[in-house]
Amino acid sequence: METDFLNKENAPAEYVSPGLDLLDSYADEQYDVTDEEVKRNCDEIRAILSRHQLTGLIEIHKGQTVTLYKVITKRIGRKRSEQVVEDLELIFSKIVRATMDDGVICVEIPNERPSIVPLREIIGSGEFSNSGYNLPIAAGVELDGTPKVIDLAAAPHILVGGALGQGKTVFLNSVITSLLYARRPDELKFVLIDAKKYEFGVYSKLQHSYLATSQNGQGGVPVSIVSSSEQAEAVLRALCKEMEDRYKLFGGASADNIKSYNRKCAGSDRMPYLVVIIDEYADFVPFEGKCSRSIVSSVSQLAQKGGDAGIHLIIASRRPDIISHIRSRFPMRIAFRVSQMVDSRTVIDVSGAQMLAGKGDMLYEQGNVVERLQGGYIDMSEMSRVVDFISSQPISSDLVLAIDIRQDGKKGKIDIDPMFGEAVELMSKKKDCTPELLQERLAVGYSRACRIQRQIDSLMLGKAVELVSGTDICTPAMLQDGLHIGYEWACRILQQMEDAGIVGAKIVKMPILTGGECEYDGGEDVDPLFDKAVELVSETNICTPAILQKNLKIGCNRVRRILRQMEKAGVIGAAIVERPVLINKRREGLSS
């Protein structure tokens, strides 16, 4: 759709778009990088280069929060370049990123007095107003100060990771505000999911304009901001149904996506875009019972097929391990500062996010390109002014998702222990989960420790099924390696899977020593190692090809021949053994 997003003449007469005067410019929070700071950094860079017998020309690109020092030098080997980069990162601080590629060393150093990047500056830029994007988002500014605008419709989903307090929620508010400036209420609807209940509370006034509300089948009070896991489960299931209904309409109109469908329709028949924003996704997922599994399933479906239907996901989480199972479906990812390198690799496939400066400093990845940006800043007062301006207009453009939401107190309510997160972190280090250990480390009673153990086991049970679903076989050793847990814990999870009907017994034959006489008359020469093999297995009363291969140092074919001769001589026989095998991936027998 070719739309001038800031041109109010394109909007309907009854709706007036918010103006830039509602946003702050933060003129008092703008600082320049001093020449003294630049000279000091250049001298330190040259000192490091001289240690490695390197010289080069330094290009300086001043930014509002980070200054880029680009050193052009000769090409050197990979190992030597890694040493140069490591020295540069160590000499400055942990929040300095240095990279080297084809003789160019890029050193990104945070400014001593960083400036605030106002969201108003990005939304008011030509890059935003003239982008021509369907869903433009003011993501931030590049290192040289150029505004960065991305198209959510082309993304089509965004995954956001980062530690607590590093700028994720401010980024989500920037996304919402950008779209409020870009699209009218009849063109766009939000589904806001927030476990903390207060981050998105300011947007509740947009219930009759920009928010898609949800209402249960019995006609309860409409819910505009989703805050519980039960509501999130129901709303996401309703969105999956909405997605399928849209594809049916596309088929009838011979359209392949929402853009082509809206071209062929007019007026009220046009479909609005649906932007689903989940803040702190980890708060909804590691729950006991079927609720979290339903949420994961719905998110996977929407991420896979929702883009063409005009349904776009933006998921933020402070725990990268929780989003690792869905990140492959999110080609566009953003990493704010994280605590360790492995978290950076989980979010954006490369290291570096652990060295960011925080406060909106981010790494943006799309495809194989990783770019450093500084996010635009907007505070609560600015959001309130924009929301109040929109809600003051007599707009009626409702979109209600008719769903069945479980009410508090009814069957299915899940009460997660407040110490659940701390317990999970403790168990991941100890690789074991027992009530006694929880009781000792968390200083809780035995009953509460047992309840926490059941909740943790339920979380591990879901991961175990995902682990073995691709192999159709399940053993304690496989669970130990895949889940990084101890042997007793793996056996308990395996027993729970069997009790729930997830795994069953597969009958296999295993040769064991029967105590027969060592007399062989099989029509072929007895192997020279026959007697040694009999002596070996008589000590353990068990005989497998692996045992003979390892101890006799022979190949697989010769082992088979010896086993065949031992069986004909009556030395070994076949025992029926039960081995667990995956039989039910749906886990219908699991009780929460």
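Residues numbered from 1 in each chain as written. Predicted model: local features only at pLDDT ≥ 70, side-chain atom pairs only at ≥ 80, totals over all residues. Heavy atoms only, no water.

Got a minute to help me understand the overall build of the protein in this structure?
For the protein, the helix and strand inventory stands at 19 helices and 18 strands. Counting the 592 residues in the protein, one finds 52% classified as buried. In the protein, once contacts between residues fewer than 6 apart in sequence are set aside, the share between residues at least 24 apart is 69%. Here the protein has roughly 28,000 Å² of accessible surface; of this, 48% comes from carbon and sulfur atoms. (Helix = DSSP H or I, 4+ residues; strand = E, 2+ residues; numbered from the N terminus. Buried < 20%, exposed > 50% of the residue type's maximum accessible area, 1.4 Å probe, protein only. Contact = heavy atoms within 4.5 Å. Areas by Shrake-Rupley, 256 points an atom, 1.4 Å probe, with all protein chains shown as cover.)

Just checking my understanding: could you explain the packing of helix H12 (residues 420-430) against helix H13 (residues 435-442) for this structure?
Packed helices, taken two at a time, are described by the angle their axes make and the gap between the axes. Contact pair H12 / H13: the axes reach a minimum separation of 11 Å and the direction vectors enclose 115°. As for how H12 packs across H13, the hand of that crossing is right-handed. Between H12 and H13, the residues in contact are Glu 422, Ala 423, Leu 426, Met 427 and Lys 430 and Leu 437, Leu 438, Arg 441 and Leu 442, respectively. Split by residue class, the contact of H12 with H13 holds six nonpolar, no polar and three charged. (Axes fitted to C-alpha atoms, helices over the stretch in contact; angles between N-to-C directions. Left-handed = near helix turned anticlockwise from the far one by under 90°. Nonpolar A, V, L, I, M, F, W, Y, C, P; charged D, E, K, R; others polar.)

I tried to follow the environment of Met 419 on my own but got confused; where do I start?
With respect to the helices, strands and loops of the structure, Met 419 is situated in the loop between strand E16 (399-403) and H12. For Met 419, a relative accessible area of 17% puts it in the buried group. Residues Met 419 and Ala 449, spaced 30 residues apart in sequence, show a C-alpha to C-alpha distance of 9.9 Å. In this view, Met 419 contacts Leu 442, Val 444, Arg 448 and Ile 452; residues no more than four positions away in its chain are not counted.

I keep staring at the pairing of strand E15 (residues 369-374) and nothing clicks. Help me out?
The two faces of the sheet receive side chains in turn, since in a regular strand these alternate between them. Pairing of strand E14 (residues 361-366) with E15 involves six bridges; the strand directions are antiparallel. From the neighbouring strand, Glu 365 faces E15, where its bridge partner is Val 370. In textbook terms, the turn of a hairpin is the stretch between consecutive antiparallel strands, and for E14 and E15 this stretch comprises two residues, one of which, Gly 367, has a positive phi near 70°. (Pairing = 2+ DSSP bridges.)

Even after reading the chapter, I still don't get the packing of aromatic side chains, so can you show me in this structure?
Enumeration according to the criterion identifies six aromatic pairs in this entry. On the numbers, 6.2 Å between centres and 55° between planes, the contact of Phe 200 with Tyr 203 is tilted. Residues Phe 200 and Tyr 203 agree in their burial class; the two are buried. An aromatic cluster is present here, built from Tyr 247, Phe 250 and Tyr 261 joined pairwise through their rings. (Phe/Tyr/Trp six-rings, centres within 6.5 Å; stacked < 30°, edge-to-face > 60°.)

How should I be thinking about the packing of helix H5 (residues 168-182) against helix H11 (residues 380-391) in this particular structure?
Following both chains from N to C, one finds H5 and H11 inclined at 35°, their axes separated by 11 Å at the closest point. As H5 packs across H11, the resulting crossing turns out to be left-handed. Side by side, H5 and H11 meet where Asn 173, Thr 177, Leu 180 and Tyr 181 of the first sit next to Met 383, Val 386 and Ile 390 of the second. Within the contact of H5 with H11, the residues separate by chemical class into five nonpolar, two polar and no charged.

Would you mind showing me how to read H13 here?
Owing to its 3.6 residues per turn, the α-helix aligns residues three or four sequence positions apart on the same side. All buried positions along H13 are accounted for by Pro 435, Leu 437, Leu 438 and Leu 442. Relative to the axis of H13, the buried residues are bounded by an arc of 160° and lie together on one face. In this fold, the buried residues of H13 make contact with H12 and helix H14 (446-468). Following H13 by one or two positions, Ala 443 has its phi on the positive side, about 55°. (Arc of directions from axis to C-beta.)

What is the right way to read unusual backbone geometry from this model?
One can expect most non-glycine residues to show negative phi and most peptide bonds to be in trans. The omega torsion of the bond from Ala 155 to Pro 156 falls at -10°, within 30 degrees of zero and hence cis. For Ser 254, which is not glycine, the phi dihedral falls at a positive 55°. Take Ser 254: it is sitting in the loop between helix H6 (229-252) and helix H7 (258-264). Of note in the backbone geometry, Lys 553 takes a positive phi value of approximately 55° without being a glycine.

Explain the pattern of salt bridges to me, please; I cannot follow it from the model alone.
Side chains that carry opposite charge are capable of pairing whenever their charged atoms lie near each other. Throughout the structure, instances matching the rule amount to 24 salt bridges. A salt bridge links Arg 183 to Glu 187; its shortest N-O distance comes to 3.3 Å. On the basis of relative accessible area, Arg 183 is assigned to the buried category, the value being 2%. With a closest N to O distance of 3.8 Å, Arg 333 and Glu 365 form a salt bridge. In this pair, Arg 333 sits in strand E13 (residues 332-336) while Glu 365 sits in strand E14, placing the two residues 32 residues apart along the sequence. Both residues of the pair, Arg 333 and Glu 365, count as buried. Counted as one network, the salt bridges with shared partners bring together Lys 168, Glu 280, Asp 283 and Arg 318. (Salt bridge = Lys/Arg side-chain N within 4 Å of Asp/Glu carboxyl O.)

Before we go on, may I ask you to explain the pairing of strand E6 (residues 147-151) in this structure?
For E6, a buried count of five out of five residues is recorded, marking the element as mostly surrounded by other parts of the structure. Alternating residues of E6 divide into Pro 147, Val 149 and Asp 151 and Lys 148 and Ile 150, and every residue in both groups is buried. Note: strand E5 (residues 136-141) against E6, five bridges, orientation antiparallel. If you follow Ala 138 over to E6, its bridge partner there is Val 149. Joining the antiparallel neighbours E5 and E6 is a turn of five residues, in which Gly 145 adopts a positive phi near 90°.

When you look at the nonpolar core in this model, what are you seeing that I'm missing?
Soluble globular proteins: nonpolar side chains tend toward being buried together. Counting 98 residues, the largest nonpolar core has Ile 158, Phe 190, Ile 277, Tyr 281 and Ile 314 as its most contacted members. Tallying contributions element by element places H5 first for this core, with eight residues. With near-sequence residues (within four places) excluded, Phe 190 lies in contact with Ile 176, Leu 179, Leu 180, Tyr 210, Leu 211, Ala 212, Val 275 and Ile 277. Formed by 30 residues, the second largest nonpolar core is a distinct cluster that contains Met 419, Val 444, Ile 452 and Ile 456. (Core = buried A, V, L, I, M, F, W, Y, C linked by side-chain atoms within 4.5 Å.)

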